[in-house]
Amino acid sequence: MNAKTLNEVSRFLSYVLRHEPQSIGLQLDSEGWADVESLIAGAAKDGRVLDIGLIQAVVSSSDKKRFSISDDGQHIRAVQGHSTASVNLQHVGKEPPEFLYHGTATRFLESIQQQGLIAGSRHHVHLSQNITTAITVGQRHGKPVVLKIKALRMHQKGFKFFQAENGVWLTSHVPEKFLYEYGQ
Ligand code: HQG
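For every chain, the first residue of the written sequence is number 1, and numbering continues from 1 along that sequence. Side-chain atom pairs in this predicted model are given and counted only at pLDDT of 80 or more, local residue features only at pLDDT of at least 70, and totals for whole chains, interfaces and linings cover all residues. Side-chain calculation: all heavy atoms of the structure are included, whereas hydrogens and water are not.

Topic: the nonpolar core
The nonpolar side chains of a soluble globular protein tend to be buried with one another.
In step 1: Leu13, Leu17, Leu39, Leu50 and Ile76 are the most contacted members of the largest nonpolar core, which has 25 residues in total.
In step 2: Note on conventions: DSSP H or I runs of at least 4 residues are helices, E runs of at least 2 residues are strands, and numbering of each starts at the N terminus. When contributions to this core are tallied by element, the ones reaching two or more residues are helix 1 (3–19), helix 2 (36–45), helix 3 (52–61) and strand 3 (75–78).
In step 3: The element contributing the most residues to this core is helix 1, with 6 residues.
In step 4: Beyond its immediate stretch of four places on either side in the chain, Leu17 contacts Leu26, Leu28, Ala34, Phe67, Ile76, Arg77, Ala78 and His82. Grouping buried Ala, Val, Leu, Ile, Met, Phe, Trp, Tyr and Cys residues that are joined through side-chain atoms within 4.5 Å yields what is termed a nonpolar core. Residue burial is assigned from relative accessible area. The probe radius is 1.4 Å, only protein chains are included, and a residue is buried under 20% of its type maximum, exposed over 50%, and partly exposed in between. Contacts were defined at the residue level, with two residues in contact if any of their heavy atoms lie within 4.5 Å.

Looking at the packing of helix 1 against helix 3
In step 1: As a rule, the C-alpha atoms of each element are fitted with a line to give its axis, helices using only the stretch in contact, and angles between N-to-C directions run from 0 to 180 degrees. Axis separation between helix 1 and helix 3 bottoms out at 9 Å; the angle between their running directions is 90°. When the interaxial angle is binned, helix 1 and helix 3 end up roughly perpendicular. Residues Thr5, Leu6, Val9, Ser10 and Leu13 of helix 1 pack against Leu54, Ala57, Val58 and Ser61 of helix 3.
In step 2: Amino acids are sorted into nonpolar (Ala, Val, Leu, Ile, Met, Phe, Trp, Tyr, Cys and Pro), charged (Asp, Glu, Lys and Arg) and polar (every other residue, Gly among them). A class-by-class count of the residues in the contact of helix 1 with helix 3 yields 6 nonpolar, 3 polar and no charged. We call two directions roughly parallel when the angle between them is under 35 degrees, roughly antiparallel when it is over 145, roughly perpendicular when it lies between 65 and 115, and oblique otherwise.

Some points on the domain arrangement of the protein
In step 1: Segmentation of the chain into domains, including their bounds, is taken from an automatic or database domain assignment. Partitioning the protein into structural domains gives domain 1 (3–78) and domain 2 (100–181).
In step 2: Distance between the C-alpha centres of domain 1 and domain 2: 27 Å.
In step 3: In short, buried area is how much 1.4 Å probe accessible area vanishes from two parts on joining, totalled over both. Overall, the association of domain 1 and domain 2 removes approximately 390 Å² of surface from exposure, summing both partners, and the carbon and sulfur fraction of that is 39%.
In step 4: Salt bridges are counted wherever a side-chain nitrogen of Lys or Arg sits within 4 Å of a carboxyl oxygen of Asp or Glu. In this structure, the connection of domain 1 to domain 2 is made through 1 salt bridge.
In step 5: Here Arg77 and Glu165 are joined by a salt bridge, their closest N and O atoms 2.8 Å apart.
In step 6: In protein, a polar contact means a hydrogen-donor-capable atom and an acceptor-capable atom, both N or O and within 3.5 Å, with residues adjacent in sequence counting only if both atoms are side-chain atoms; elsewhere, any N or O pair within 3.5 Å suffices. Along the contact surface separating domain 1 from domain 2 lie 3 residue pairs in polar contact (both at pLDDT 80 or more).
In step 7: Partitioned by chemical class, the residues of the side of domain 1 that touches domain 2 number no nonpolar, 2 polar and 5 charged.

What follows is the structure, encoded as structure tokens:
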């Protein structure tokens, strides 16, 4: 299985398991789980040939551990990043480290200064524990800039934080007063 195929299937899985399950007639439960057989059947109708071996290879090779497969092997879900209204992952709240980071593009800074960080179409604002990840995430949108978030302070003020299975930190909104440009 070559890297290009794995990457293509990973993008397809992100699309249907996070954003548009209905595009292939797939049902997700509120915890985001889809039936693997239904996923394979739905993908086939879309002209995409998947099998369990390929799905497992994508799951185990995902650099960010984006997906998980249930213990019985019959269900699969994305561990974070959802925008579909059918999913409402019940994460357990967790105390964050003192600082977390968010990578964005310089063109968004003015709006972020006005509104703070908002989730947009996703269910949460995504934060990382390391700066390198934040830079990579920011580069997807343009000239990257890293914001440093006073996460523990926010938590002490009552803001809820969650950590997805793959380590990504999630929160609903970061008001402007808790963030500043890293390096400044
Ligand atoms: C920006 C990847 C204007 C925000 C990554 C970001 C992540 C604002 C963009 C995950 C704003 C949303 C998510 C405001 C936030 N005004 N722009 N007030 N507040 N923004 O793609 O965080 O590879 O929805 O800074 O690793 O870039 O897909 O979120 O630039 O964990 O697994 O609005 O996606 O994971 O963009 O990325 P996104 P994100 P995967």
